[in-house]
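Per-entry structural report
These are the residues of each chain, in order.
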Amino acid sequence: AKGQGKGRQVAYTAAMDQRTAEQSRLAADLRIALDTEQLYLLYQPIVAIPSGELYGVEALVRWTHPERGPVGPAVFIPAAERTGLIVPLGAWILQEACEQAVRWLEELGDAAPRTVTVNVSARQLREAGFAGEVEAVLRRTGLPAYVLTVEVTETAVFDGGTALTELHAIAALGVNIALDDFGTGHSSLGLLRTCPADILKVDKSFVDDITEGGQNAVVVAALIGICDGLQLRAVAEGVETAEQAAELVRLGYRYAQGYHYARPLPAGQVAAYRPPDAAV
Ligand code: C2E
Ligand code: CA
Ligand code: CA
Ligand code: CA
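What counts, and at which threshold
Residues numbered from 1 in each chain as written. Chains lettered and ligands numbered in written order. Predicted model: local features only at pLDDT ≥ 70, side-chain atom pairs only at ≥ 80, totals over all residues. Heavy atoms only, no water. Donors = N, O, S within 2.8 Å, 3.2 Å for Na, K, Ca; no water. Buried < 20%, exposed > 50% of the residue type's maximum accessible area, 1.4 Å probe, protein only. Near = heavy atom within 4 Å. Polar contact = N/O pair within 3.5 Å; in protein donor to acceptor, adjacent residues only side chain to side chain. Areas by Shrake-Rupley, 256 points an atom, 1.4 Å probe, with all protein chains shown as cover. 1 Å grid on protein atoms, 1.4 Å probe; cavity = no way out; pocket = protein on both sides within 12 Å on 5 of 7 lines; lining within 4 Å. Sits in = over half its atoms within 2 Å of the grid points. Helix = DSSP H or I, 4+ residues; strand = E, 2+ residues; numbered from the N terminus. Nonpolar A, V, L, I, M, F, W, Y, C, P; charged D, E, K, R; others polar. Pairing = 2+ DSSP bridges. pLDDT = per-residue confidence, 0-100. Arc of directions from axis to C-beta. Contact = heavy atoms within 4.5 Å. Phe/Tyr/Trp six-rings, centres within 6.5 Å; stacked < 30°, edge-to-face > 60°. Lys NZ or Arg CZ within 6 Å of the ring centre and 35° of its normal.

The name an unreviewed UniProt entry gives the protein chain is Diguanylate cyclase (GGDEF)-like protein, with Actinoplanes palleronii as the organism.

Once that is clear, we can look at the coordination of the calcium ion (ligand 3). Looking at the calcium ion (ligand 3), the protein donor atoms are Asp 180 (OD), Asp 181 (OD), Glu 237 (OE) and Glu 237 (OE), and they sit 2.3 to 2.5 Å from it. The motif formed by the donor residues of the calcium ion (ligand 3), counted along the single chain, is D-D-x55-E. For Asp 180, a relative accessible area of 8% corresponds to the buried category.

Close to ligand 1 lie 20 residues; Gln 44, Arg 62, Asp 180, Glu 240 and Tyr 259 are nearest. Here an oxygen atom of ligand 1 sits 2.9 Å away from a polar atom, N or O, in the side chain of Arg 62. Within the side chain of Asp 180, an N or O atom sits 3.0 Å from an oxygen atom of ligand 1. Against a free-state accessible area of 800 Å², the protein chains account for coverage of 78% of ligand 1. Of the pockets mapped on this structure, ligand 1 occupies the largest pocket. Elements that contribute at least two residues to the shell around ligand 1 include exactly strand 2 (54–65), helix 2 (73–83) and strand 6 (176–182). No other element matches the four residues that strand 2 contributes to the shell around ligand 1. Tallied by class, residues from the shell around ligand 1 come to eight nonpolar, five polar and seven charged.

Let us now look at the pairing of strand 5 (residues 148–153). Two faces make up the sheet, and in a regular strand the side chains alternate between them. Burial within strand 5 is extensive, with five of its six residues counted as buried. Note that strand 4 (residues 115–119) and strand 5 share four bridges and pair parallel. Across the sheet, Asn 119 pairs through a bridge with Glu 151, a residue of strand 5. When strand 5 meets strand 6, the two strands line up parallel, connected through five bridges. Pairing of Thr 153 across the sheet is with Asp 180, part of strand 6.

When the pLDDT values of the protein chain are averaged, the result is 91; 94% of them are 70 or greater. Scored as a whole, the predicted complex attains pTM 0.92, and scored at its interfaces, ipTM 0.98.

Side chains three or four residues apart in an α-helix point the same way, a direct result of the helix having 3.6 residues per turn. Of the positions making up helix 2, those classed as buried are Phe 76, Ile 77, Ala 79 and Ala 80. Each buried residue of helix 2 sits inside an arc of 165 degrees when the element is viewed along its axis, so together they form one side. Residues of helix 2 that are exposed and angled more than 90 degrees away from the buried face: Ala 74 and Arg 82. Of the residues flanking the end of helix 2, it is Gly 84, one or two places downstream, whose phi is positive at about 85 degrees.

This brings us to the environment of Leu 148. With respect to the helices, strands and loops of the structure, Leu 148 is situated in strand 5. Taking the relative accessible area as the measure of exposure, Leu 148 reaches 1% and is therefore buried. Along the backbone, Leu 148 and Val 57 are 91 residues apart, and their C-alpha atoms lie at a distance of 10 Å. Apart from residues lying up to four places away in sequence, Leu 148 is in contact with Leu 94, Cys 98, Thr 115, Val 116, Val 118, Val 134, Leu 138, Leu 143, Val 175 and Asn 176.

Within the protein, the calcium ion (ligand 4) binds to Asp 181 (OD) and Asp 181 (OD); these donor distances fall in the range 2.8 to 3.1 Å. A spacing of 3.5 Å is found between the calcium ion (ligand 4) and the calcium ion (ligand 3), which share Asp 181 as a donor.

This part is about the packing of aromatic side chains. By the definition in use, this model includes three aromatic pairs. Ring geometry for Tyr 43 against Trp 104: centres 4.9 Å apart, planes inclined by 80 degrees, an arrangement best described as edge-to-face. Of this pair, Tyr 43 sits in strand 1 (residues 39–48) while Trp 104 sits in helix 3 (residues 86–108), and the two are 61 residues apart along the sequence. Considered together, Tyr 43 and Trp 104 belong to a single accessibility category, that of buried residues. Each ring, one from Tyr 55 and one from Tyr 255, has its centre 4.7 Å from the other, and the planes form 55 degrees; the classification is tilted. Taken as a pair, Tyr 55 in strand 2 and Tyr 255 in strand 9 (residues 255–256) lie far apart in primary sequence, 200 residues in all. Here Tyr 55 and Tyr 255 have matching classes, each one buried. Sitting above the plane of the Tyr 259 ring, Arg 263 keeps its charged end 3.8 Å from the centroid.

And the structure:
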């Protein structure tokens, strides 16, 4: 049994080494990707419910690797975070999304997305001067601060250090702050008092079974009450069916995001978004 344990450990270490090597390769390729236009952004509609009308969009990064084809952000964002590459990558994403937001304002006027949301990783938020970078991007692009939403996870805010200070500085610019994946990290209601949040994104894992009457339905119902009380906008994530949408409306939700409405879209297709027939 002892020998077996040792063998398992060797195998485990080898697997770890392999994973680390794989991550390094990915990170090296990603560094090249940043310079060669293999990266682009898609924009997923965030809609008002029950109408299903476009309210805003969330920018989601995509990478087409020259040999591997599409690599998902769930794979390369963690690699970028580990290597620190998320800092220049994140800066590019922020600049790109703000440029697009200005284009929409110019081209679509009142029909432009009212907010453009950019995901910001813990590592970026921890960088001293991140708020200054946000301010610089707004100045460079001419985007009004109130159109931008910076989306961070609760875990990133809990990271301590300067994260909360940076977030307050970003909020002071007039930029909206959204708390992503709410309820999945070591969230606490205390965070909602110390963090200058405007929007709370209720994670897909809670939305998933609201129509089954499971325990998650209770969480989704409780969160809308908290959001109303604290004057936070609640956005239900990962809404995939008309039944879920109907239940969210019944509970008092006014914003939703998910495949039921739209998948992440190329920038050029956002203006053509229309609510689904069964919009609720
Ligand atoms: P997230 O921020 O929670 O983004 C939502 C994810 O759920 C996206 O996956 C989106 O395509 C997907 N999604 C939206 N609606 C539905 C639905 O109805 N059903 C299902 N099954 N999925 C839905 P994506 O684009 O693969 O991104 C995964 C994660 O990677 C994101 O989760 C975020 O944590 C990270 N990420 C993506 N883009 C960026 C970025 O630009 N910067 C940073 N820092 N992280 C990013
Ligand atoms: Ca997000
Ligand atoms: Ca999310
Ligand atoms: Ca998520």
